[in-house]
Amino acid sequence: MPLVIPGINSSFGDKSEWVNKLMGKKISDVSNETSFAKAELPETHRVLKPGDMKTMDHNPNRLNIHVNEDGVVHDVNSG
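Summary of the structure given here. (Residues numbered from 1 in each chain as written. Predicted model: local features only at pLDDT ≥ 70, side-chain atom pairs only at ≥ 80, totals over all residues. Heavy atoms only, no water.)

**Some points on the environment of G71**
Here is step 1 of the chain: Tracing the backbone shows G71 in the loop between β4 (63-67) and β5 (73-78).
Here is step 2 of the chain: C-alpha of G71 to C-alpha of K25: the two residues are 46 residues apart in sequence and 8.1 Å apart in space.
Here is step 3 of the chain: Apart from the residues lying within four places of it in its own chain, the contact partners of G71 are K25, K26 and I27. (Helix = DSSP H or I, 4+ residues; strand = E, 2+ residues; numbered from the N terminus. Contact = heavy atoms within 4.5 Å.)

Set out below in C-alpha coordinates:
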(Lines give C-alpha, C1' and ligand atoms only; values in the text may rest on other atoms or scores of the structure.)
Protein backbone atom coordinates (compact mmCIF):
# COMPACT_ATOMS: atom_id res chain seq x y z
CA MET A 1 0.00 0.00 0.00
CA PRO A 2 1.50 3.39 -0.96
CA LEU A 3 2.32 5.98 1.66
CA VAL A 4 -0.21 8.83 1.56
CA ILE A 5 0.86 12.17 2.98
CA PRO A 6 -2.12 14.55 3.12
CA GLY A 7 -1.58 17.64 1.04
CA ILE A 8 1.43 16.15 -0.74
CA ASN A 9 0.35 13.20 -2.85
CA SER A 10 -3.42 13.19 -2.64
CA SER A 11 -5.55 12.99 -5.76
CA PHE A 12 -6.49 16.67 -5.69
CA GLY A 13 -2.86 17.72 -6.19
CA ASP A 14 -0.59 20.15 -4.44
CA LYS A 15 -2.07 22.26 -1.61
CA SER A 16 -0.20 25.38 -2.72
CA GLU A 17 -1.80 25.08 -6.16
CA TRP A 18 -5.29 25.17 -4.60
CA VAL A 19 -4.31 27.93 -2.17
CA ASN A 20 -3.21 30.06 -5.14
CA LYS A 21 -6.43 29.31 -7.06
CA LEU A 22 -8.92 29.74 -4.21
CA MET A 23 -7.55 32.02 -1.49
CA GLY A 24 -9.64 35.18 -1.13
CA LYS A 25 -12.30 34.04 -3.62
CA LYS A 26 -15.89 32.87 -3.26
CA ILE A 27 -17.09 29.53 -4.66
CA SER A 28 -19.78 30.13 -7.30
CA ASP A 29 -21.08 28.94 -10.67
CA VAL A 30 -18.47 30.89 -12.68
CA SER A 31 -14.78 31.76 -12.38
CA ASN A 32 -13.60 35.36 -12.48
CA GLU A 33 -11.36 37.69 -10.45
CA THR A 34 -13.40 37.27 -7.25
CA SER A 35 -14.88 33.77 -7.59
CA PHE A 36 -14.01 30.18 -8.53
CA ALA A 37 -16.40 27.84 -10.35
CA LYS A 38 -17.68 24.78 -8.46
CA ALA A 39 -17.37 22.76 -11.67
CA GLU A 40 -13.58 23.25 -11.63
CA LEU A 41 -13.14 21.77 -8.14
CA PRO A 42 -12.04 18.15 -7.67
CA GLU A 43 -14.89 15.63 -7.65
CA THR A 44 -14.31 14.89 -3.97
CA HIS A 45 -14.49 18.19 -2.10
CA ARG A 46 -16.48 19.95 0.58
CA VAL A 47 -16.97 23.59 1.43
CA LEU A 48 -16.91 24.20 5.18
CA LYS A 49 -18.41 27.33 6.72
CA PRO A 50 -17.83 28.43 10.33
CA GLY A 51 -19.95 26.30 12.64
CA ASP A 52 -20.77 23.68 9.98
CA MET A 53 -21.02 20.11 11.18
CA LYS A 54 -18.67 17.74 9.39
CA THR A 55 -17.74 14.10 9.44
CA MET A 56 -14.47 13.30 11.16
CA ASP A 57 -13.45 10.58 8.71
CA HIS A 58 -10.15 11.29 6.98
CA ASN A 59 -10.20 11.03 3.20
CA PRO A 60 -6.80 12.03 1.74
CA ASN A 61 -8.46 12.39 -1.67
CA ARG A 62 -10.94 15.03 -0.47
CA LEU A 63 -10.27 18.76 -0.76
CA ASN A 64 -11.63 20.69 2.23
CA ILE A 65 -12.33 24.34 1.43
CA HIS A 66 -12.73 26.55 4.50
CA VAL A 67 -14.66 29.78 3.99
CA ASN A 68 -15.42 32.65 6.37
CA GLU A 69 -18.87 34.06 7.23
CA ASP A 70 -18.92 35.95 3.92
CA GLY A 71 -18.15 32.80 1.90
CA VAL A 72 -14.56 33.85 1.10
CA VAL A 73 -11.95 31.04 1.09
CA HIS A 74 -9.37 31.39 3.87
CA ASP A 75 -7.83 27.87 3.93
CA VAL A 76 -7.71 24.55 2.09
CA ASN A 77 -6.49 21.12 3.15
CA SER A 78 -6.99 17.44 2.49
CA GLY A 79 -9.05 15.13 4.62
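Having put the structure on the table, let's press on.
**What to know about the pattern of salt bridges**
Here is step 1 of the chain: Inspection of the entire model under this criterion finds three salt bridges.
Here is step 2 of the chain: Across the pair K21 and E17 runs a salt bridge, and its minimum N-O distance is 3.1 Å. Here K21 and its partner E17 are both found in helix α1 (residues 15-22), four residues apart, which amounts to about one turn of the helix.
Here is step 3 of the chain: Classification of E17 as partly exposed rests on a relative accessible area of 35%. (Salt bridge = Lys/Arg side-chain N within 4 Å of Asp/Glu carboxyl O. Buried < 20%, exposed > 50% of the residue type's maximum accessible area, 1.4 Å probe, protein only.)

**A few points about the environment of K38**
Here is step 1 of the chain: Note that K38 resides in the loop between β2 (35-37) and β3 (45-48).
Here is step 2 of the chain: Owing to a relative accessible area of 49%, K38 belongs among the partly exposed residues under this scheme.
Here is step 3 of the chain: Here the alpha-carbon distance between K38 and K26, two residues 12 residues apart in the chain, equals 9.8 Å.
Here is step 4 of the chain: Aside from chain neighbours lying at most four places away, what touches K38 is I27, S28 and D29.

**Thoughts on the packing of aromatic side chains**
Here is step 1 of the chain: Using the criterion set out here, one finds one aromatic pair in the structure.
Here is step 2 of the chain: Seen from their ring centres, W18 and F36 are 6.0 Å apart, and the 80° between their planes marks the pair as edge-to-face. Placement of the pair is W18 in helix α1 and F36 in strand β2, with a sequence separation of 18 residues. Note on accessibility: W18 and F36 belong to one class, buried. (Phe/Tyr/Trp six-rings, centres within 6.5 Å; stacked < 30°, edge-to-face > 60°.)

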